[in-house]
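Coordinate inspection notes
In case you want the letters, here they are:
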Amino acid sequence: MKKLLVIFLLVLSFSPIGKAQKQQVTNQPDRVNWFQDLGFGMFIHWNVDVTLGAVISHSLAGASTEYVEKYINELPKYFNPYKFKPEDWAKMAKLAGMKYVVFTAKHHSGFCMFDTKTTPFNVMNTPLKRDITKELIEAFRKEGIAIGLYFSPEDFYFFHKNNIPIGRLQLPQHFPAKNPNLMAYDKEQLKELLTKYGKIDILFIDGPGDGLREYAWTLNPELVITRDLMNTPEQNTPDEPLPRPWEACYTMGTDWQYKPTNDPHKSGTEIINMLVEMRAKGGNFLLNIGPKQDGEIQIEQEALLQEVALWNFANSEAIYAVKPLPIVREDNVWYTQSNDEKYIYAIVRRANWQDWKYGTRKNLVLTHLEGNAQTKVSILGYKSELVEYKDGFDASTYVAPTSIGLVVSAVNGQRFYTNNQWPNAVVLKIENAKFRKLTHTKVTQSTLDGAK
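Quick caveat, the model's predicted, so the values are computed rather than measured.

1. A short note on the packing of helix α7 (residues 180-195) against helix α8 (residues 212-219)
- Where α7 meets α8, the axes come as close as 10 Å, and the angle between the chain directions of the two elements is 30°. Here α8 runs roughly parallel to α7, going by the angle between their axes. Read as a crossing pair, α7 and α8 show a hand that is right-handed. Contact with α7, carried on its side by Met183, Asp186, Lys187, Leu190, Lys191, Leu194 and Thr195, involves Leu212, Tyr215, Ala216 and Leu219 of α8 and no other residues of that element.
- Taken together, the residues of the contact of α7 with α8 sort by class into seven nonpolar, one polar and three charged.

2. Describing the UniProt feature "domain: Glycoside hydrolase family 29 N-terminal" (unreviewed entry) in the protein
- UniProt marks residues 27-316 with the feature "domain: Glycoside hydrolase family 29 N-terminal" (unreviewed entry), using the numbering shown here.
- For residues 27-316, the helix share is 37%, the strand share is 12%, and the end-to-end C-alpha distance is 27 Å.

3. Concerning the nonpolar core
- Phe140 and Trp311 are the most contacted members of the largest nonpolar core, which totals 93 residues.
- With seven residues, the top contributor of residues to this core is helix α9 (residues 268-280).
- Every residue in contact with Trp311, bar those within four places of it in the chain, is listed here: Ile272, Leu275, Val276, Ile319, Ile347, Trp422, Asn424, Ala425 and Val427.
- In terms of nonpolar packing, the next biggest core, distinct from the first, is built from 24 residues, Val348, Val377, Val411 and Leu428 among them.

4. Focus: helix α10 (residues 299-315)
- Taking 1.5 Å of rise per residue, 17 residues should cover 24 Å, and α10 covers 24 Å from first to last C-alpha, within 8% of that figure.
- Those residues of α10 lying buried are Gln301, Leu304, Leu305, Glu307, Val308, Ala309, Trp311, Asn312 and Asn315.

5. So, the environment of Ala321
- Following the sequence through the fold, Ala321 ends up in the loop between α10 and β8 (322-323).
- Taking the relative accessible area as the measure of exposure, Ala321 reaches 34% and is therefore partly exposed.
- Taking the C-alpha atoms as reference points, Ala321 and Met274, separated by 47 residues in sequence, lie 17 Å from one another.
- Setting aside residues no more than four positions away along its own chain, Ala321 makes contact with Asp37, Arg279, Gln337, Ser338 and Asn339.

6. A look at the pattern of salt bridges
- In total, this model carries 22 salt bridges according to the counting rule given.
- With a shortest N-O distance of 3.6 Å, Asp201 and Arg31 are connected by a salt bridge. Of this pair, Asp201 sits in the loop between α7 and β4 (202-205) while Arg31 is found in helix α2 (residues 29-38), placing the two residues 170 residues apart along the sequence.
- Taking the relative accessible area as the measure of exposure, Asp201 reaches 13% and is therefore buried.
- Notably, a salt bridge pairs Lys106 with Asp155, separated by 2.9 Å at the nearest N-O pair. One end of the pair, Lys106, is in strand β2 (residues 100-106); the other, Asp155, is in the loop between β3 (146-151) and α6 (156-161), and 49 residues separate them in sequence. In terms of burial, Lys106 and Asp155 fall into one category: buried.
- Through salt bridges with shared partners, a single ionic network connects Asp210, Arg213, Glu214 and Asp228.

7. Let's talk about the pairing of strand β7 (residues 284-289)
- Across the six residues that make up β7, a large majority, six, are buried.
- Residue alternation in β7 divides its side chains into two sets, Asn284, Leu286 and Asn288 and Phe285, Leu287 and Ile289, and both sets are buried.
- Two elements, strand β1 (residues 40-44) and β7, share five bridges in a ladder whose sense is parallel. The residue of β7 that forms the bridge with Phe40 is Phe285.
- As paired strands, strand β6 (residues 247-250) and β7 are joined by four bridges and run parallel to one another. By the bridge assignment, Ala248 is partnered in β7 with Phe285.
- In this region the chain leaves β6, passes through α9 and returns to the parallel neighbour β7; the handedness of that crossover is right-handed.

Scoring rules and cut-offs
- Residues numbered from 1 in each chain as written.
- Predicted model: local features only at pLDDT ≥ 70, side-chain atom pairs only at ≥ 80, totals over all residues.
- Heavy atoms only, no water.
- Axes fitted to C-alpha atoms, helices over the stretch in contact; angles between N-to-C directions.
- Helix = DSSP H or I, 4+ residues; strand = E, 2+ residues; numbered from the N terminus.
- Parallel < 35°, antiparallel > 145°, perpendicular 65-115°, else oblique.
- Left-handed = near helix turned anticlockwise from the far one by under 90°.
- Contact = heavy atoms within 4.5 Å.
- Nonpolar A, V, L, I, M, F, W, Y, C, P; charged D, E, K, R; others polar.
- UniProt positions renumbered as here; feature names shortened; annotations may be inferred.
- Core = buried A, V, L, I, M, F, W, Y, C linked by side-chain atoms within 4.5 Å.
- Buried < 20%, exposed > 50% of the residue type's maximum accessible area, 1.4 Å probe, protein only.
- Expected span 1.5 Å × (residues − 1).
- Salt bridge = Lys/Arg side-chain N within 4 Å of Asp/Glu carboxyl O.
- Pairing = 2+ DSSP bridges.
- Right-handed = clockwise from strand over helix to strand, strands pointing away.

The structure is reproduced here in structure tokens:
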């Protein structure tokens, strides 16, 4: 009997039951690689205060008690986005080339855009009475888009109900790690989000994540946590590439949530150029939309996504499953390289439609690329044989390796607009070439009179 007991204890000591599970402390490396290859995502900011066209959540910080009470008690009565069709949003994102979505399941206000048992301050207690998060997840998942959720550990509703002054990380009680009741409250909400809707791929923790990220991984070890663990600059792209992974978050206009007045938007060219720059620098691009109070995407943002979709339809190969070269650009040419290093993409950004007009030839010297007799260059989306309506026109692409770099002569012949004024980048796909680091010799300047 003693022998059996000893054997049992030995087996138990080497089994998972006999050992405490090792706490996960970071994202799994293979999942980080997966996330980096997604490249381009849709951010969605939407909250109960969209009915006012206000800044999302932040009007509560420092607000009077009367304002807070009115916000909590009155605004849910007006939240009724009867035109909400997440299938349309998902198809729009898919066409634009977005590989993942991040939706504000709970922003700082504490209003939950999902069916929760933790608080009455949620979407089920509105005239809509629908679990928006569930419907959105199902729609985007159907399109093959990875699912991400934005979650705020800070909760202005919770602060108000517990007599904690509403602010952002200004008091110890604002931090879940220093407020056991807030920690328990957040964990219960994360449990709902990470277990009720199938596998969630990405979690964007906008606030102090200590204790919460570790808990999230116990529910889903493959979860990729972006903000809280990665650099996620807002409205800013770093001058130099950051250590990977990183993700830049941008609005189309001047605000995250729908802003009905005084909100000039970026142009489609600006957004495409931002996508090019971020991918050349090794980062992901999370581009925000702000749905209206009725559930529709405003026409300006839909149109911009269509322009991005048209560019990506021809050029997506240069954006996904790529990594940066040691030199990300020279002049207006930005580089990416396929992960398997078979191809280098030279993305030629244009100042306007007259810069390398449709149907004209451009000669480029790519000084950081070294070619050989097997080097091939093509233009993504264009066969380089004919230019519409032109007879006897040579549209071929020529390439020559030289001592000063790779010389390319190519025609911009892909027609996208009736008036031929498509202003966006043209992409060269380069095969059998490699990056070369330029060496600079020391130059001295004569000090003789007349030499300066």
